[in-house]
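# Coordinate analysis (summary)
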Amino acid sequence: MNLKKIYSTSLSLLTDLYQITMAYGYWKQGMAEQEAVFHLYFRKNPFQGGYTVAAGLEYAVDYLQQLQFTEEDLAYLAGLKDGRNAPLFEQGFLDYLRELRFTCDVDAIPEGTVVFPNEPLIRVRGPLLQAQLVETPLLTIVNFQTLIATKASRIAESAKGDQVIEFGMRRAQGIDGALAATRAAYVGGVDATSNVLAGQLFDIPVRGTHAHSWVQAFESEKAAFQAYGDAFPHDSVFLVDTYNTLDGVRHAIEVARSLQPSGFKLNGIRLDSGDLTYLSIEARKLLDEAGLMETNIVASNDLNEHIISSLKQEGARINVWGIGTQLVTAYDQPALGGVYKLAALQHTDGHWRYNIKLSEQLEKTSNPGIQQVRRFYDAQGYIADMIFNELEPLPEQTLVMHPLDSTHRKAIPAGTAYTDLLVPVLRKGALVYELPDLQAIRKHRTTELSKLHESIRRLLNPHRYPAGLEASFHQLKTNLVLEIREKGEAAVQGR
Ligand SMILES: Nc1ncnc2c1ncn2[C@@H]1O[C@H](COP(=O)(O)OP(=O)(O)OP(=O)(O)O)[C@@H](O)[C@H]1O
Ligand SMILES: O=P(O)(O)OC[C@H]1O[C@H](OP(=O)(O)OP(=O)(O)O)[C@H](O)[C@@H]1O
Ligand SMILES: O=C(O)c1cccnc1
């Protein structure tokens, strides 16, 4: 995967103007190279769900590694004017940008991992100017792909092993919206896409049926099926609802029978309107009576995880699901709301100064330090996640505090197995991580979900997975909040 295949120009200006004005400010203040730590995280699982599936890291790494201001980018910036119509940026800054390469350390949670609110998905440590500059594109990439991967995972779960095909390109948020959504949907568990460019770029299986216009273009529905069957003797899925759905199924059967002697095999029929339970049950009967037991019944029409679950409960005989609009637009929650916050700055004497952003709402107050996420597990699956600060020693007794309610806490017995979720990805800008291919990422997501208790995976009112702050880290944060409230600003030293 290479974004340059999609965009022929540099992506360095794909950021908010304020990232570049802050970069200029840091450069002028002599703060550009000061060591900083930022974390990218979200505050709430989307879709009122119990979990989230991390996605987008490969895109993010690609972007970071290619970060470089071209002469064209610099010429554009040189042309920007301030309120007095003078250049916004000094030439010296543009010369600095010309030489700029991304030299930060990046640690991240691998794609396909289940993650929870407040857990850093990406940690960036390095020169303040660089670490700040990449905020917006990192959020653009990770927020969207994580959102869509999570939606896809919910849909794939509700389909309970049936094949799911993503049909969303026509309703996606623009060209990259479509491509990124297809990739993320595949990460999240759909099996194939109708998006051919995504198939080529990301090696995702492509599938499809035909549109109503195909049927409309012929004298009769049967003639349309006949012609499609001639062209695709082994890959035909006939869309049967252009005129009358059950008549359409009968026509599909008649055509399948007439073409059978030439080796034709009807792969499936597609239902795209009406009561999908009733129609699929009746269609299944007709197909089975005609000996077409292996012919699939594909359904589409504004489906989502809730409708799929409901259709299944009603006894629908659908075994392939085509999902477009609701998946690629994350219809019921169109943004994840992930944020990227400064958590620590290093002084010239080597000491770290902790940084948090206060908020009236406790849940919006950011966490300080250099954070890592420790996931505890046993043979049954995941037990709890603990966000801790790598700058401070961990106490003997491991206690995980609910981030918003310190009366909710979970003691983790000594010796409990764990993994630390953030892994080294870039060191001084160089790749030190073997980016897994999409197949491996998909497999990882499946394994991850199998370790989450069913009550956390369910669609409606899921149980809350215990993901919280390590107790001494919670205390440090509380002290910092109190200190800031007292003094009006932060001055807490780390190690
Ligand atoms: N048995 C069912 N139970 C629950 N939801 C269903 C059932 N059958 C269909 N649906 C869903 O109900 C909605 C029906 O939408 P709508 O009324 O727009 O469809 P339609 O009129 O049959 O088709 P269209 O307008 O696309 O030609 C769709 O989201 C569809 O997936
Ligand atoms: O419903 P979605 O989940 O978005 O799936 C994709 C839809 O795209 C196609 O029809 P299109 O929307 O172009 O026309 P229609 O709504 O009139 O069927 C297809 O027949 C599906 O219904
Ligand atoms: O192949 C299909 O059936 C298809 C593709 C895109 C959108 N709707 C349906």
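Predicted model only: the values in this text are computed from it and were never measured. (Residues numbered from 1 in each chain as written. Chains lettered and ligands numbered in written order. Predicted model: local features only at pLDDT ≥ 70, side-chain atom pairs only at ≥ 80, totals over all residues. Heavy atoms only, no water.)

## Focus on the packing of aromatic side chains
Where two aromatic rings form a pair, the distance of their centres and the angle of their planes describe that pair. Applying the stated criterion across every chain yields a total of 14 aromatic pairs. Centre to centre, the rings of Phe116 and Tyr465 are 4.2 Å apart; their planes meet at 20 degrees, and the pair counts as stacked. Of the two residues, Phe116 sits in the loop between strand E4 (114–115) and strand E5 (122–127) while Tyr465 sits in the loop between helix H16 (454–457) and strand E21 (467–470), which places them 349 residues apart along the sequence. There is no split in this pair, since Phe116 and Tyr465 are both buried. Members of the aromatic cluster, each reached through a chain of ring pairs, are Tyr24, Trp27, Phe89 and Phe93. Positioned above the aromatic ring of Phe47, the side-chain terminus of Lys151 is 4.7 Å from the ring centre. Between the NZ or CZ atom of Arg375 and the centre of the ring of Tyr382, over which it lies, the distance is 4.8 Å. (Phe/Tyr/Trp six-rings, centres within 6.5 Å; stacked < 30°, edge-to-face > 60°. Helix = DSSP H or I, 4+ residues; strand = E, 2+ residues; numbered from the N terminus. Buried < 20%, exposed > 50% of the residue type's maximum accessible area, 1.4 Å probe, protein only. Lys NZ or Arg CZ within 6 Å of the ring centre and 35° of its normal.)

## Overview of the UniProt feature "domain: Nicotinate/nicotinamide phosphoribosyltransferase" (unreviewed entry) in the protein
The UniProt record marks residues 164–346 with the feature "domain: Nicotinate/nicotinamide phosphoribosyltransferase" (unreviewed entry), using the residue numbering of this structure. Span residues 164–346 is 44% helix and 17% strand, its end C-alpha atoms 49 Å apart. (UniProt positions renumbered as here; feature names shortened; annotations may be inferred.)

## Here we look at the environment of Ala467
Mapped onto the secondary structure, Ala467 falls in strand E21. Residue classification places Ala467 among the buried positions, given a relative accessible area of 8%. As for Ala467 and Pro117, which are separated by 350 residues in sequence, their C-alpha atoms are 7.6 Å apart. The residues contacting Ala467, other than those within four sequence positions of it, are Phe116, Glu119, Asp385 and Pro403. (Contact = heavy atoms within 4.5 Å.)

## Comments concerning unusual backbone geometry
Residue Gln48 is not a glycine yet carries a positive backbone phi of 55 degrees. By the element assignment, Gln48 lies in the loop between strand E1 (35–41) and strand E2 (52–53).

## What to know about the environment of Phe376
If you trace the backbone, Phe376 turns up in strand E14 (residues 371–378). Judged by relative accessible area, which is 4%, Phe376 ranks as buried. Residues Phe376 and Ala159, 217 residues apart in the sequence, show an inter-C-alpha distance of 29 Å. Residues in contact with Phe376, not counting those within four places in the same chain, are Tyr382, Ile383, Ala384, Met386, Thr398, Ile412, Thr416, Ala417, Tyr418 and Tyr465.

## Some words on the nonpolar core
Side chains of a nonpolar character, in soluble globular proteins, are inclined to be buried together. Membership of the largest hydrophobic core comes to 140 residues, with the highest contact counts inside it found for Ile122 and Ile269. The leading source of residues in this core is helix H6 (residues 135–159), at eleven residues. When near neighbours in sequence (up to four residues on either side) are disregarded, Ile122 contacts Phe38, His39, Leu40, Leu57, Ala60, Val106, Asp107, Ala108, Val142 and Leu422. (Core = buried A, V, L, I, M, F, W, Y, C linked by side-chain atoms within 4.5 Å.)

## Quick word on the sheet that holds E5
Note on sheets: strands pair through backbone hydrogen bonds, and any given pair is parallel or antiparallel. Judged by pairing direction, the sheet is antiparallel, and its seven strands sit side by side in the order E13-E12-E1-E5-E3-E19-E20 without closing on themselves. In this open sheet, the two strands that pair with only one neighbour each are strand E13 (352–354) and strand E20 (430–431). Pairing of strand E3 (residues 105–108) with E5, which is carried by four bridges, proceeds in the antiparallel orientation. Bridge pairing in E5 places Asp105 opposite Arg125. Sheet contacts for helix H2 (residues 57–66): E3, E5, strand E19 (423–427) and E20; angle to E19, the most-contacted strand, approximately 20 degrees. Running over the sheet, H6 touches E1, E5 and strand E12 (339–346) and is turned about 140 degrees from E12. (Pairing = 2+ DSSP bridges. Axes fitted to C-alpha atoms, helices over the stretch in contact; angles between N-to-C directions.)

## What to know about helix H17 (residues 471–487)
For H17, built from 17 residues, the straight-helix expectation of 24 Å at 1.5 Å per residue is met to within 8% by its first-to-last C-alpha distance of 24 Å. Considered for burial, the residues of H17 that qualify are Phe473, His474, Leu476, Lys477, Leu480, Val481 and Ile484. One side of H17 carries all its buried residues, which in axial view fall inside an arc of 160 degrees. In H17, the exposed positions that point more than 90 degrees away from the buried face belong to Arg485, Glu486 and Lys487. At the exit of H17 stands Gly488, carrying a positive phi of roughly 85 degrees. (Expected span 1.5 Å × (residues − 1). Arc of directions from axis to C-beta.)

## Overview of the site of ligand 2
Around ligand 2 lies a shell formed by Phe167, Arg170, Arg171, Arg270, Asp272, Asn301, Asp302, Ile323, Gly324 and Thr325. Arg170 has a polar side-chain atom sitting 2.8 Å from an oxygen atom of ligand 2. Asp302 is positioned such that a nitrogen or oxygen atom in its backbone is 2.8 Å from an oxygen atom of ligand 2. With the chains in place, 71% of the 460 Å² that ligand 2 exposes on its own is no longer accessible. Partitioning the shell around ligand 2 into residue classes produces two nonpolar, three polar and five charged. (Near = heavy atom within 4 Å. Polar contact = N/O pair within 3.5 Å; in protein donor to acceptor, adjacent residues only side chain to side chain. Areas by Shrake-Rupley, 256 points an atom, 1.4 Å probe, with all protein chains shown as cover. Nonpolar A, V, L, I, M, F, W, Y, C, P; charged D, E, K, R; others polar.)

## Remarks on the packing of H6 against helix H13 (residues 305–313)
Running from N to C, H6 and H13 point in directions that differ by 5 degrees, and their axes come no closer than 9 Å. One way to sum up the angle between H6 and H13 is to call them roughly parallel. Side by side, H6 and H13 meet where Lys151, Arg154, Ile155, Ser158 and Ala159 of the first sit next to Glu305, His306, Ile308, Ser309 and Lys312 of the second. Partitioning the contact of H6 with H13 into residue classes produces three nonpolar, three polar and four charged. (Parallel < 35°, antiparallel > 145°, perpendicular 65-115°, else oblique.)

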